[in-house]
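Here are the chains, one letter per residue:
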Amino acid sequence: QVQLVESGGGLVQAGGSLRLSCAASGSGFSIISMGWYRRAPGKQRELVAVITSGGSTNVVDSVKGRFTIGRDNAENTMYLQMNSLKPEDTAVYYCNAHAYTGRWSDYWGQGTQVTVSS
């Protein structure tokens, strides 16, 4: 099993910045990729950014140039640096890990609220 714990959410004014972190713990696992998803009120969960163990990243167009994803493989941690935040970035942000623990599975954190006021 892999446990994911997010931190760093909060309330910020439009144009501000926040940094989300995700820490993975457990035993006997190997993470191949980690990512951030978000669910805004009344909307479906959507991918925000993903990073592989090799460091390859993919960021959706709506946050490109504003959000940066990074990862420390040795520490099994991941972050999402969010700059120039907009009210439409308001959502619950979830950490995801695609990991091998005897079989491949997806693991999720509990989510952290990000609220951007106009």
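This text goes with the structure placed above it.
A brief look at the structure comes next. Remember, it's a predicted structure, so these values are computed and weren't measured experimentally.

1. Structural notes on the overall build of the chain
Along its length, the chain carries 0 helices and 11 strands. Overall size of the chain, expressed as C-alpha extent along the three principal axes, is 45 × 25 × 20 Å. Within the chain, the fraction of its 118 residues that count as buried is 41%. Counting contacts in the chain only where the partners sit at least 6 residues apart, residues at least 24 apart contribute 54% of the total. Where the 10 positive side-chain charges of the chain centre and where its 8 negative ones centre are 4 Å apart.

2. What to know about the packing of aromatic side chains
Counted by the stated rule, this structure contains 2 aromatic pairs. With a centroid separation of 5.0 Å and an interplanar angle of 65°, the aromatic rings of Tyr37 and Trp108 are classed as edge-to-face. Within this pair, whereas Tyr37 is found in strand S4 (residues 30-39), its partner Trp108 is found in strand S10 (residues 104-108), the two being separated by 71 residues in sequence. Accessibility expressed as a relative area gives 33% for Trp108, which makes it partly exposed.

3. Digging into the nonpolar core
Grouped together as the largest cluster of nonpolar side chains are 31 residues, with contacts concentrated most on Leu4, Met34, Trp36, Leu80, Met82 and Tyr93. Counting residues per element, this core draws most heavily on strand S9 (residues 91-100), at 5 residues. Once you skip the residues sitting within four places of it in the chain, Tyr93 turns out to touch Glu6, Leu20, Trp36, Tyr37, Arg38, Val48, Phe67, Leu80, Met82, Gly111, Thr112 and Val114.

4. Here's the deal with the environment of Tyr93
With respect to the helices, strands and loops of the structure, Tyr93 is situated in strand S9. It is 8.1 Å that separates the C-alpha atoms of Tyr93 and Gly9, two residues lying 84 residues apart in sequence. A distance of 2.6 Å separates a polar atom in the side chain of Tyr93 from the backbone oxygen of Asp89.

5. Some points on the pairing of strand S8 (residues 77-82)
Relative to S8, strand S3 (residues 18-26) is paired through 6 bridges, and the arrangement is antiparallel. Note on S8: the bridge partner recorded for Cys22 is Met78. Here strand S7 (residues 67-72) runs beside S8; their pairing, made up of 6 bridges, is antiparallel. Bridge pairing in S8 links Phe67 to Met82. In this structure, the hairpin formed by S7 and S8 is closed by a connection of 4 residues, where Asn76 is found at a positive phi of approximately 55°.

6. Let's talk about unusual backbone geometry
Even without a glycine there, the phi angle at Asn76 is positive, about 55°. Considering the arrangement of structural elements, one finds Asn76 in the loop between S7 and S8. Residue Ser84 is not a glycine yet carries a positive backbone phi of 50°. By relative accessible area, Ser84 is classed as partly exposed at 41%.

7. Points about the side chain of Asn96
Along the chain, Asn96 turns up in strand S9. By relative accessible area, which is 6% here, Asn96 ends up buried. Within the structure, Asn96 has its side chain in polar contact with the backbone oxygen of Tyr107 (distance 3.4 Å).

The rules behind the values
Residues numbered from 1 in each chain as written. Predicted model: local features only at pLDDT ≥ 70, side-chain atom pairs only at ≥ 80, totals over all residues. Heavy atoms only, no water. Helix = DSSP H or I, 4+ residues; strand = E, 2+ residues; numbered from the N terminus. Buried < 20%, exposed > 50% of the residue type's maximum accessible area, 1.4 Å probe, protein only. Contact = heavy atoms within 4.5 Å. Lys, Arg positive; Asp, Glu negative; His and termini not counted. Charge placed at Lys NZ, Arg CZ, Asp CG, Glu CD. Phe/Tyr/Trp six-rings, centres within 6.5 Å; stacked < 30°, edge-to-face > 60°. Core = buried A, V, L, I, M, F, W, Y, C linked by side-chain atoms within 4.5 Å. Polar contact = N/O pair within 3.5 Å; in protein donor to acceptor, adjacent residues only side chain to side chain. Pairing = 2+ DSSP bridges.

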